[in-house]
Amino acid sequence: MKVTPDQLTIISWVLPHTEATKFENRKQTFYPSERWARARWYGEEVNIKLRKHVVITLKEAGFDGVAPMLSPLWSKKKTLWSESNVSERYGFSSPWSERHAAYTSGLGTFGLCDGLITPKGKAMRCGSVIVNIKIPPTKKLYNDHHAYCLFFSKGTCGKCIQRCPAGAITEKGHNKGKCKKHLQISDNYMKSNFGFEGRFGCGLCQTNVPCESKIPKENDTSCKPLFE
Ligand code: SF4
Ligand code: SF4
């Protein structure tokens, strides 16, 4: 079935981490807390089920939908457009990004660390489906893809630079290669210390930063407390 873009809508959502999960990771300085690691790994399994549930529910209502992240056409690529067009600038990329879908859908803008800063903050997971239904789009409250990041909008903050144990965040942005290496070290730590083979722990740049749980206001570079 052929469709045109105007026949399609992206439904995008944000699932914030709980306060207890964020609280535990705030205190970490190198490895993720166990609660964060489990929430990141098993929480994403829930997110996968949610994508499937939304597609099935839409189908039952008579609409065709697809969760791009679950499509066999999705894969992580070292190149941006084709095998012969290696992207030095973007490193690992993919044909669909949940954060970019959320940005396009009006849910938030990117921070210095590449995380998406939403009204519920940056410590979250997001998901999406595309469906052949026409729904009026959510109004975007920003004109710039970095609007909510204090580093870009006010020239302040930069706290995610200090939070990253791998030196993967600088004033030039997020180095995906350095980040990936640290994630691999964290994976091994999680396996040895928490007893499960999860991946993509860390999240230190998502916690104990001003944009962790909110869109930071001008001059508000404060973070939530580390102790109760
Ligand atoms: S911690 Fe500061 S510099 Fe980093 S993404 Fe958040 S607002 Fe931007
Ligand atoms: S996920 Fe961890 S290693 Fe990667 S940029 Fe954030 S703090 Fe650094």
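Values in this document were obtained by computation on a predicted structure and should not be read as measured data. (Residues numbered from 1 in each chain as written. Chains lettered and ligands numbered in written order. Predicted model: local features only at pLDDT ≥ 70, side-chain atom pairs only at ≥ 80, totals over all residues.)

## Let's talk about the overall build of the chain
A tally of helices and strands in the chain yields 6 helices and 7 strands. Starting at the N terminus, the α and β elements of the chain follow one another as β-α-α-β-α-β-β-β-α-α-β-β-α. Computed over its C-alpha atoms, the radius of gyration of the chain comes to 18 Å, within 12% of the 17 Å expected for a compact globule of 228 residues. A principal-axis box enclosing the C-alpha atoms of the chain has dimensions of 50 × 45 × 40 Å. Across the 228 residues in the chain, those meeting the buried criterion constitute 32%. Long-range contacts, defined here as pairs at least 24 residues apart, represent 64% of the contacts in the chain between residues at least 6 apart. (Helix = DSSP H or I, 4+ residues; strand = E, 2+ residues; numbered from the N terminus. Rg over C-alpha atoms; globule rule 2.2 N^0.38 Å. Buried ≥ 20, exposed ≤ 12 C-beta atoms within 10 Å, placed from the backbone. Contact = placed C-beta atoms within 7 Å.)

## Concerning the site of ligand 1
Of all residues adjacent to ligand 1, which total 14 residues, the nearest are Gly-111, Cys-149, Cys-157, Cys-160 and Cys-211. Of all elements in the fold, only helix H4 (150–153) and helix H5 (159–163) reach the threshold of two or more residues within the shell around ligand 1. Within the shell around ligand 1, the residues separate by chemical class into 11 nonpolar, 2 polar and 1 charged. (Near = placed C-beta within 6 Å. Nonpolar A, V, L, I, M, F, W, Y, C, P; charged D, E, K, R; others polar.)

## Observations concerning helix H1 (residues 19–26)
Within the sequence span of H1, burial applies to Thr-21, Lys-22, Phe-23, Asn-25 and Arg-26. Those residues of H1 that are buried are in contact with helix H2 (34–60).

## Some words on the sheet that holds strand E1 (residues 9–16)
Spatially, E1-E5-E2 is the arrangement adopted by the 3 strands of the open sheet, whose pairing is antiparallel. Both edges of this open sheet fall to E1 and strand E2 (65–66), since each of them pairs with a single strand only. Where E1 and strand E5 (residues 124–131) come together, 8 bridges link them in antiparallel fashion. Looking at the pairing, Ile-11 lines up with Val-129 of E5. On the sheet, H2 packs against E1, E2 and E5 and is oriented at approximately 20° with respect to E5. (Pairing = 2+ DSSP bridges. Axes fitted to C-alpha atoms, helices over the stretch in contact; angles between N-to-C directions.)

## Thoughts on the pairing of E5
Of all 8 residues in E5, 7 are buried; the element is thus mostly enclosed. For E2 and E5, the ladder comprises 2 bridges, and the chain directions are antiparallel. Among the inter-strand pairings, Val-66 is bridged to a residue of E5, identified as Ile-130.

## Concerning the environment of Asn-193
Take Asn-193: it is sitting in helix H6 (residues 176–194). Residue classification places Asn-193 among the exposed residues on the basis of 11 C-beta atoms within 10 Å. When the C-alpha atoms of Asn-193 and Glu-34 are compared, they prove to be 8.5 Å apart, with 159 residues separating the residues in sequence.

## Brief notes about the confidence of the model for the chain
For the chain, per-residue confidence averages 91 on the pLDDT scale, and residues scoring 70 or more make up 93% of the total. Segment residues 79–86 is flagged for pLDDT under 50; beyond a separation of four residues in sequence, or across chains, it makes 8 contacts in the model. (pLDDT = per-residue confidence, 0-100.)

## A few points about the packing of H1 against H2
Interaxial distance between H1 and H2 falls to 7 Å at its minimum, and their mutual angle equals 130°. On the basis of their axis angle, the class for H1 and H2 is oblique. In terms of crossing hand, the pair formed by H1 and H2 is left-handed. Of the residues in H2, those touching H1 at Ala-20, Thr-21, Glu-24 and Asn-25 are Arg-35, Trp-36 and Ala-39. (Parallel < 35°, antiparallel > 145°, perpendicular 65-115°, else oblique. Left-handed = near helix turned anticlockwise from the far one by under 90°.)

## A short note on H6
In a regular helix each residue adds 1.5 Å, so 19 residues correspond to 27 Å; H6 covers 25 Å between its end C-alpha atoms and thus fits that length. Within H6, burial applies to Cys-179, Ser-186 and Met-190. Mapping the buried residues of H6 onto a view down its axis gives an arc of 45°, with all of them on the same face. With respect to the buried face of H6, the exposed residues turned more than 90 degrees away are Gly-177, Gln-184, Asn-188 and Ser-192. Packed against the buried residues of H6 are H2 and strand E7 (173–174). Backbone geometry just after H6 places Gly-195 at a positive phi near 75°. (Expected span 1.5 Å × (residues − 1). Arc of directions from axis to C-beta.)

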